[in-house]
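A closer look at the structure
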Amino acid sequence: GESVGLHLPTLSVQEGDNSIINCAYSNSASDYFIWYKQESGKGPQFIIDIRSNMDKRQGQRVTVLLNKTVKHLSLQIAATQPGDSAVYFCAENMWGYSTLTFGKGTMLLVSP
Amino acid sequence: DVKVTQSSRYLVKRTGEKVFLECVQDMDHENMFWYRQDPGLGLRLIYFSYDVKMKEKGDIPEGYSVSREKKERFSLILESASTNQTSMYLCASSAGQPNTEAFFGQGTRLTVV
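Calculation criteria
Residues numbered from 1 in each chain as written. Chains lettered and ligands numbered in written order. Predicted model: local features only at pLDDT ≥ 70, side-chain atom pairs only at ≥ 80, totals over all residues. Heavy atoms only, no water. Pairing = 2+ DSSP bridges. Helix = DSSP H or I, 4+ residues; strand = E, 2+ residues; numbered from the N terminus. Axes fitted to C-alpha atoms, helices over the stretch in contact; angles between N-to-C directions. Core = buried A, V, L, I, M, F, W, Y, C linked by side-chain atoms within 4.5 Å. Buried < 20%, exposed > 50% of the residue type's maximum accessible area, 1.4 Å probe, protein only. Contact = heavy atoms within 4.5 Å. Salt bridge = Lys/Arg side-chain N within 4 Å of Asp/Glu carboxyl O. Disulfide = S-S within 2.5 Å. Lys, Arg positive; Asp, Glu negative; His and termini not counted.

Residue and element names in this part refer to chain B. Read across the open sheet, the four strands follow the order β1-β3-β8-β7; overall the sheet is antiparallel. Every interior strand has two partners, whereas the edge strands, β1 (4-6) and β7 (64-70), have only one. When strand polarity is set aside, the average angle formed by the axes of neighbouring strands in this sheet is 20°. As defined by bridge partners, strand β3 (residues 19-25) adjoins strand β8 (residues 73-78) across six bridges and the pair is classed as antiparallel. Bridging across to β8, L21 finds its partner in L76.

A word on the nonpolar core. Grouped together as the largest cluster of nonpolar side chains are 21 residues, with contacts concentrated most on B:W34, B:I46, B:L76, B:L78 and B:Y89. Ignoring sequence-local partners within four residues, the contact set of B:L76 consists of B:V19, B:F20, B:L21, B:W34, B:I46, B:Y64, B:S65, B:V66 and B:Y89.

Here the structure, examined in full by the defined rule, presents nine salt bridges over all chains. Among the ionic pairs, A:R57 bridges to A:D49, the shortest N-O distance being 2.2 Å. For A:D49, a relative accessible area of 8% gives the class buried. With a closest N to O distance of 3.1 Å, B:K71 and B:D28 form a salt bridge. With B:K71 in the loop between β7 and β8 and B:D28 in the loop between β3 and β4 (31-38), the pair connects residues that are 43 residues apart, well separated along the chain. Take B:K71: its relative accessible area is 25%, and that puts it in the partly exposed class. Residue classification places B:D28 among the exposed residues on the basis of a relative accessible area of 52%. A network of salt bridges, in which partner residues are shared, links B:D28, B:E30 and B:K71.

Linking two cysteines covalently via their sulfur atoms produces the bond known as a disulfide. Taken as a whole, this structure holds two disulfides over all chains when the rule is applied. With a sulfur-sulfur separation of 1.6 Å, A:C23 is cross-linked through a disulfide to A:C90. Separated by 67 residues along the polypeptide, A:C23 in strand β2 (residues 19-24) and A:C90 in strand β8 (residues 86-94) bring together distant segments of the chain. Overall, the relative accessible area of 8% leaves A:C90 in the buried class. A sulfur-sulfur separation of 1.9 Å characterises the disulfide bridge that pairs B:C23 with B:C91.

Let's shift gears to the side chain of A:D31. The residue A:D31 is located in strand β3 (residues 30-38) in this model. Within the buried set, A:D31 has no salt-bridge partner at all; the shortest N-O distance to an opposite charge, 7.6 Å, is to A:R51. Discounting chain neighbours no more than four positions away, the residues touching A:D31 are A:I50, A:R51, A:S52, A:N93, A:M94, A:W95 and B:N99.

Once that is clear, we can look at the pairing of β3(A). Residue and element names in this part refer to chain A. In terms of burial, β3 is a largely internal element, nine of the nine residues being buried. Relative to β8, β3 runs antiparallel, the two being bridged by eight bridges. Note on β8: the bridge partner recorded for Y36 is F89. Here β3 runs beside strand β4 (residues 45-51); their pairing, made up of six bridges, is antiparallel.

The values reported here are purely geometric and, on their own, carry no functional implication.
The structure is reproduced here in structure tokens:
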């Protein structure tokens with residue numbers, strides 16, 4: 001398998017539990033945030049995004065929370081499944097800039 | 001289904017070789033990016049391009065160059081490969097308007113021996 005998961009913070013949960021993955025972002029001027037999921041051997045895939053004029057956004061089984069006061073982002077996964085096992089990255093973007101800045105990632109391990 | 005395609009999944013090259021990594025996107029995106037991904041360091045931006053023949057250095061451009069002759073294609077060039085360029089290379093693209101997500105290719109695992 002890929003070695004991208006080495007040296008990463010790891011969250012281990014049981015199937016069916018709710019998972020919370022946290023991310024501290026660096027730039028107070030960032031106004032757009034994304035969560036990506038990277039499975040072993042694959043490129044990152046978009047999960048959900050949120051703009052800075054919101055503090056919560058929900059998708060299917062996932063919720064992103066944004067706290068601009070403390071520059072903190074979280075991803076909540078409801079009823080976690082073994083297929084959710086992956087590395088999760090947060091990314092931030094400033095208005096007018098094309099590039100995303102990525103966090104280091106968190107590995108989520110889901111046991112059946 | 002939108003797609004970013006990298007030409008190789010795995011490559012093994014010798015030190016000193018000139019290496020080309022190719023990336024093609026079918027979404028008519030203005031922006032294209034090359035990242036490298038290493039354990040413990042996350043994704044680091046090497047170069048990006050916001051239009052044909054335009055390029056900007058990212059955080060770690062040393063030892064690399066890029067080419068964008070057509071909108072859909074963005075090439076990463078290692079002028080003289082070295083062992084410290086052994087890594088996973090990820091290509092991505094995004095639309096030109098602000099605050100849009102980037103779509104990634106499947107990655108190329110490059111080993112320089």
